[in-house]
Amino acid sequence: MTLDTERLKDDFAEAEMSDDISDISKADIPALLIFWALFAIVLAQFFTRYVLNNSLGWTEEAARYFLVVLCFVGAITGLRKGSHIALTFLHQRMSPPKVKAALSVVHAGSSLFLGYAAWFTVELAQRTSHQKMISLNISKAYLYSLVAASLFIMTIISLQQLWRTLTRSAQEVADEVNSTATVEI
Amino acid sequence: MSLLVMFVLLALLLVLGMPVALSLASASAVYIILEGLPNVVVVHNMINGVDSFPLLAIPFFILAGHLMNSAGITERIFTFARALVGWAPGGLGHVNVGASVIFAGMSGAAVADAGGLGTIEIKAMRDAGYDTDFAVGVTAASSTIGPIIPPSLPLVIYGVMASASIGELFAAGLVPGLMMAVALMIMVAWYAWRRDYPRDLVFRPALVLASFLQAFLPLLTPVIIVGGIVSGLFTPTEAAVAAAAYALCLGLFVYRSLTWRHILRVSIDTIETSAAILLIVAAATIFAWILTANQVANGLGEFLLSISQNPQVILIFITLIVLALGLFMETIAAITILVPVLLPIAQQVGIDPVHLGIVVVLNLMLGLLTPPVGMVLYVLAQVSGVSFERCLKATAPFLVPLILVLLLVTFVPAFSLYLPTQFYR
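Attention in this report is confined to the structure presented alongside it. The shown structure was predicted, so the numbers you read here are calculated from the model rather than taken from an experiment.

**Side note on the overall build of chain B**
From N to C terminus, chain B includes 22 helices and zero strands. What you see for chain B is a C-alpha radius of gyration of 21 Å, in line with the 22 Å of a compact globule of 425 residues. For chain B, the spread of C-alpha atoms along the principal axes amounts to about 70 × 50 × 45 Å. Burial status across chain B gives 66% buried among its 425 residues. Side-chain charges in chain B split into 14 positive and 18 negative, and the spacing between the mean points of these groups amounts to 14 Å.

This is the structure in structure tokens:
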């Protein structure tokens, strides 16, 4: 009952070293850029505060807005891959026609909400077009516009998913559900 | 009435399998429409919910965790833990708990711990001849240490929602996290004695030293994070960025194991996980706003306080509420919804917000190990090929030591409050 150390090494290598990037598409580029810009901004703040003893004033506010944008732009990737956290355990116990029905409601509901949210974020952007950010001379409307655009893209993805669910057989839909993995927190 | 519609709709959407974030936001939107409130309120609250500096810690702790997982670091930690505690009877069980503790000091999540390190641990234990049930049980139970020992994503979210110091919360989690580890190790020792499990290897100081040196640089990560935050040198966000930058340097320059493909992979995974969490926070913000506007906390508070004003009794009620919701709700969403309701009640009877935070997160961790929504069990069932029902049965005995720790931490505030008092107050 001892471990085969060589085999263990292989197991670790297999589990750790995933460099499979086949599921990453050009559509993920905006999210990647935002993410690395956010990393750079917070690193810059860190550096100026600890090393130069003189922190840049705008970094905190900029970082917060990048985080907001990352949340919504990143959510597009999650929605596309169906990796947002959901209680999918019931799907595994449902018959295929029931899965199809449940998913149709889910996608229809998601489309409705995302469309609603996109619409009113545009209104929010219009209302705040005169409002400037505190430390940066930029209108807050840009922030809201990016969020609105993300929500709009998500609406389209959600509608596509609704269409895909409705037009395929119940068995196909159920098989796909059981093979997608949600994000792990 | 609109409130009832909102709750029923939320439950319905969740059961149908709509993502948690979208269920919360949709149900809230329906409430806003029914009440005739301005519709902009929904998105405005959602955006304001994530427009927060402390929340910035989330993507970077996730990034650091992912980088640690893909830079050959997990193996060094496992090897070190093995040399350190593998000599005891039931050796790999102890190694499993020990590695979880070390990894908990680098990553802030439970399910990721189960999915990453856990996969290998279960496989290694089965290969070495341990019972599958034992392997799954220890792995599942020990993965819940992750969000108690700092850094911790749930504690960041709690801190933001409760306006409590995240540094204090992190400091408060350290002792309860170690208590969980000790309790689980006692359980492992008991199993080893009952089932006559063997030792994994002989204790050799030279081996411990060699594996310690191999793991030295990664082991500095918890020191940077925990030490930096507890001593007040870093804010949690800064500690997260420092940890991520450090892990990146290790992978790129020291071990040279990271390629640009790895970095791309890790970035996308980080973005996906962060966005999923942040979107739940955003959606739960509008939901919590509606609960607050309707004074749900006041109603519940009056009811609970009419039964008893004793903090211990109120803590029992809070525990029961959190446990019940934790059975069905995902951790992050549960925290965001519960805090605005429970915190005012707790404060009325003098329960410390930091203490409450540890109690809430500990309770929710038990929810990860119980049906119907035991996320850790689902992940372990997926990666180990063991059925969900069997995972459930295998993990059940390990709930006993965890519940004992929960009771101790709940009713003896000193366990969580000693360190923050020493360093912060």
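**Some remarks on the overall build of chain A**
Tallying secondary structure elements over chain A gives six helices and zero strands in all. When the elements of chain A are put in sequence order from the N terminus, they spell out α-α-α-α-α-α. Burial analysis of chain A (185 residues in total) assigns 48% to the buried set. Counting contacts in chain A only where the partners sit at least 6 residues apart, residues at least 24 apart contribute 73% of the total. Total accessible area computed for chain A in this model is approximately 9400 Å², and 61% of it derives from carbon and sulfur atoms.

**A closer look at the interface of chain B and chain A**
Counting from both sides, the interface comprises 96 residues of chain B and, opposite them, 76 residues of chain A. When chain B packs against chain A, close to 7800 Å² is buried across both sides, 73% of that on carbon and sulfur atoms. For the pair chain B and chain A, the number of links is two salt bridges. Notably, a salt bridge pairs B:Glu272 with A:Lys81, separated by 2.5 Å at the nearest N-O pair. Between the two partners, chain B and chain A, sit four residue pairs in polar contact (both at pLDDT 80 or more). Residues of the side of chain B that touches chain A, tallied by class, amount to 65 nonpolar, 18 polar and 13 charged.

**Describing the pattern of salt bridges**
Residue and element names in this part refer to chain A. The tally for this structure, following the rule as stated, stands at eight salt bridges over all chains. Aspartate 28 serves as the salt-bridge partner of arginine 80, at 2.9 Å between the closest nitrogen and oxygen. Of this pair, arginine 80 sits in helix H3 (residues 59–81) while aspartate 28 sits in the loop between helix H1 (5–16) and helix H2 (29–50), and the two are 52 residues apart along the sequence. The partner of glutamate 123 in a salt bridge is arginine 127, with the nearest N and O atoms 2.9 Å apart. Note that glutamate 123 and arginine 127 are positioned in helix H4 (residues 96–127) at a spacing of four residues, about one turn of the helix.

**Considerations on unusual backbone geometry**
Residue and element names in this part refer to chain B. With an omega dihedral of 0°, the bond running from proline 150 to proline 151 counts as a cis peptide bond. In this fold, proline 151 is placed in the loop between helix H8 (132–143) and helix H9 (153–162). You will see that serine 163, though not glycine, has its phi angle at about 50°, which is positive. For serine 163, the position within the fold is in the loop between H9 and helix H10 (166–195). With relative accessibility at 67%, the residue serine 163 sits in the exposed group. Even without being a glycine, glutamine 295 presents a positive backbone phi close to 55°. Looking at the element boundaries, glutamine 295 is found in the loop between helix H14 (260–293) and helix H15 (296–307).

**Let's talk about the packing of helix H6 (residues 91–104) of chain B against H8(B)**
Any two packed helices are characterised by how steeply their axes cross, that is the angle between the axes, and by the distance between the axes. All names here are of chain B. Interhelical geometry of H6 versus H8 gives an angle of 20° and a closest axis separation of 9 Å. Taken as axis vectors, H6 and H8 run roughly parallel relative to one another. For the crossing formed where H6 meets H8, the hand is right-handed. Where H6 abuts H8, its residues Gly93, Asn96, Val97 and Ser100 lie against Phe134, Ala135, Val138, Thr139, Ser142 and Ser143. For the contact of H6 with H8, the per-class residue count stands at four nonpolar, six polar and no charged.

**Quick notes on empty space enclosed by the protein**
Per the stated rule, a full pass over the model turns up three cavities of 30 Å³ or more. The calculated volume of the second largest cavity comes to roughly 40 Å³. For the lining of the second largest cavity, the secondary-structure elements that each account for two or more residues are H4 and helix H5 (140–167) of chain A together with helix H2 (20–35) of chain B. Per-element tally for the lining of the second largest cavity: the top contributor is H2(B), with three residues.

**Looking at the packing of aromatic side chains**
Residues and elements named next belong to chain B. Considering all chains together, one arrives at 19 aromatic pairs over all chains under this definition. For the pair phenylalanine 7 and phenylalanine 287, a centre-to-centre distance of 6.0 Å together with 85° between the ring planes defines the contact as edge-to-face. Here phenylalanine 7 is found in helix H1 (residues 2–16), whereas its partner phenylalanine 287 is found in helix H14, with 280 residues between them in sequence. Pairing phenylalanine 134 with tyrosine 197 gives two aromatic rings, centres 4.9 Å apart and planes at 40°, and the pair type is tilted. Taken together, the positions of phenylalanine 134 in helix H8 and tyrosine 197 in the loop between H10 and helix H11 (205–214) put the pair 63 residues apart, joining distant regions of the chain.

**What to know about the nonpolar core**
A:Phe72, A:Phe113, A:Leu151, B:Leu24, B:Phe60, B:Phe134 and B:Ile145 are the most contacted members of the largest nonpolar core, which has 218 residues in total. The biggest single contributor to this core is H14(B), with 17 residues. The contacts of B:Ile145, once residues within four sequence positions are left out, are B:Val97, B:Val101, B:Ala104, B:Gly177, B:Met180, B:Ala181 and B:Leu184. Core analysis: the second largest hydrophobic core is formed by five residues, A:Val99, A:Leu103, A:Val173 and A:Val177 among them.

About the thresholds
- Residue numbering note: each chain is counted from 1, following its sequence as written.
- Both sets of labels track the order of writing: A upward for chains, 1 upward for ligands.
- Residue-level local features of this predicted model are given only where pLDDT is at least 70; pairs of side-chain atoms are given and counted only at 80 or more, and the full residue set underlies all totals for whole chains, interfaces and linings.
- Side-chain calculation: all heavy atoms of the structure are included, whereas hydrogens and water are not.
- Secondary structure is summarised from DSSP: a helix means a run of H or I of at least four residues, a strand means a run of E of at least two, and numbering begins at the N terminus for each.
- Between the two quantities, the radius of gyration covers C-alpha atoms and the globule rule is 2.2 Å times the number of residues to the power 0.38.
- Per-residue accessibility, obtained with a 1.4 Å probe over protein chains only, is compared with the maximum for each type, and a residue is labelled buried under 20%, exposed over 50%, and partly exposed between these values.
- In summary, the charge assignment counts Lys and Arg as positive and Asp and Glu as negative, without counting His or the chain termini.
- Taken as the charge centre is NZ of Lys, CZ of Arg, CG of Asp or CD of Glu, depending on the residue.
- Contact definition: two residues touch when any of their heavy atoms are within 4.5 Å.
- A 1.4 Å probe and the Shrake-Rupley method give the accessible areas. Residues count as covered only by the protein chains that appear here.
- Summed over both partners, the accessible surface that disappears when two parts come together, traced with a 1.4 Å probe, is what is meant by buried area.
- What counts as a salt bridge is simple: a side-chain nitrogen of Lys or Arg found within 4 Å of a carboxyl oxygen of Asp or Glu.
- The term polar contact refers here to a pair of N or O atoms within 3.5 Å; inside protein, the definition further demands a hydrogen-donor-capable atom paired with an acceptor-capable atom, and it admits residues adjacent in sequence only when both atoms are side-chain atoms.
- For this classification, Asp, Glu, Lys and Arg are treated as charged, while Ala, Val, Leu, Ile, Met, Phe, Trp, Tyr, Cys and Pro are nonpolar and the rest, including Gly, are polar.
- The axes are straight lines fitted to the C-alpha atoms, using for helices just the contacting stretch, and the angles between their N-to-C directions are given from 0 to 180°.
- Here is the rule for angles: anything less than 35 degrees is roughly parallel, anything more than 145 is roughly antiparallel, 65 through 115 is roughly perpendicular, and the remaining ranges are oblique.
- Helix crossings are classified by the rotation of the near helix relative to the far one: an anticlockwise turn of less than a right angle makes the crossing left-handed, while a clockwise turn makes it right-handed.
- In this analysis the probe radius is 1.4 Å and the grid spacing 1 Å, with only protein atoms considered; a cavity is a set of points the probe fits into but cannot get out of, a pocket is an open set with protein on both sides within 12 Å along at least five of seven lines, and lining residues have an atom within 4 Å of a point.
- Grid points are joined across faces, edges and corners, and a volume is the space filled by probe spheres set on the points.
- Between 30 and 60 degrees the pair is tilted, below 30 it is stacked and above 60 it is edge-to-face, where a pair is any two Phe, Tyr or Trp rings, Trp via its six-membered ring, whose centres lie within 6.5 Å.
- Among the buried residues, those of types Ala, Val, Leu, Ile, Met, Phe, Trp, Tyr and Cys that are joined through side-chain atoms within 4.5 Å form a nonpolar core.

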